[in-house]
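Here are the chains, one letter per residue:
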Amino acid sequence: EVQLVESGGGLVQPGGSLRLSCAASGFTFSNYAMSWVRQAPGKGLEWVSHINGGGGGTLSYADSVKGRFTISRDNAKYTLYLQMNSLKPEDTAVYYCAKSKRRWSGSRLEDYDYWGQGTQVTVSS
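Counting of residues starts from 1 at the beginning of each chain's written sequence and follows it residue by residue. Local features in this predicted model are restricted to residues of pLDDT 70 or higher, and side-chain atom pairs are both shown and tallied only at a pLDDT of 80 or more, whereas totals for entire chains, interfaces and linings draw on every residue. Only heavy atoms go into the side-chain values, all of them from the structure, while hydrogens and water stay out.

J.: A description of the sheet that holds strand β1 (residues 3–7) should follow, citing residues and the corresponding values.
T.: By definition, the strands of a sheet pair up through backbone hydrogen bonds, in either a parallel or an antiparallel sense. A strand pair is defined by DSSP finding two or more bridges across the two strands. Runs of E in the DSSP output that reach at least two residues are strands. Runs of H or I that reach at least four are helices, and both are numbered from the N terminus. Across the sheet, which stays open at both edges, the four strands sit in the order β1-β3-β8-β7 with antiparallel pairing between neighbours. Each edge of the open sheet is held by one strand with a lone partner, namely β1 and β7 (69–74). Neighbouring strand axes in the sheet, compared pairwise and without regard to direction, differ in orientation by 15° on average. Bridge count between β7 and strand β8 (residues 79–84): six bridges; the pairing is antiparallel. Residue pairing across strands places Thr 70 opposite Gln 83, the latter belonging to β8. Fitted lines through C-alpha atoms serve as axes, helices being fitted only where they are in contact, and the angles separating the N-to-C directions of these axes extend from 0 to 180 degrees.

This is how it looks when you write it as structure tokens:
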């Protein structure tokens, strides 16, 4: 059974940092692309970042987070990370970890077949 469990969210002031983690199980983690996707209050899903499988691999970011967020993975630990720096109030959202159907994917949400429960990030003074 595929499971994805996010953690690390919380309340942070503007300009602060958080590191999100996604613990994966039930599949060969290293073989699949992964993404972070977020949903702000009252809004739809917004793709944030992806990283391909196959060891190392290509990664990408939404323009809104480029230069501030860093995606990474530890295949031995079956864990995906999102380091978030210089946080802004508009980053406030529930952040989801998602597993791709394949080794190489990108920003298309339809490419992702399993999702975690999400972790809340609130950026406020």
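Next comes the rest of the write-up.
J.: Go over the pattern of salt bridges, please, and point to the residues and values.
T.: Charged atoms that come close allow side chains of opposite charge to pair. Think of a salt bridge as a Lys or Arg side-chain nitrogen and an Asp or Glu carboxyl oxygen that are within 4 Å of each other. Enumeration over the complete set of coordinates arrives at eight salt bridges. For the salt bridge of Arg 38 with Glu 46, the shortest nitrogen-to-oxygen distance reads 2.8 Å. Owing to a relative accessible area of 32%, Glu 46 belongs among the partly exposed residues under this scheme. Note that Arg 108 is salt-bridged to Asp 111, the shortest N-O span being 3.1 Å. Salt bridges sharing partners connect three or more residues here, namely Arg 38, Glu 46, Arg 68 and Asp 91. Exposed residues in this analysis have more than 50% of their type's maximum accessible area, buried residues have under 20%, and partly exposed residues fall in between, with area computed by a 1.4 Å probe over protein chains only.

J.: Tell me about the state of the cysteines, residues and numbers included.
T.: Disulfides are defined as pairs of cysteine sulfur atoms found within 2.5 Å of each other. A full pass over the atoms with the stated rule returns one disulfide. The disulfide partner of Cys 22 is Cys 97, and the S-S distance across this bridge is 2.1 Å. The sign of the S-S torsion, about -70°, decides the handedness of the disulfide formed by Cys 22 and Cys 97: left-handed. Highlighted residues: Cys 22 in strand β3 (residues 18–25) and Cys 97 in strand β9 (residues 93–100), separated in sequence by 75 residues.

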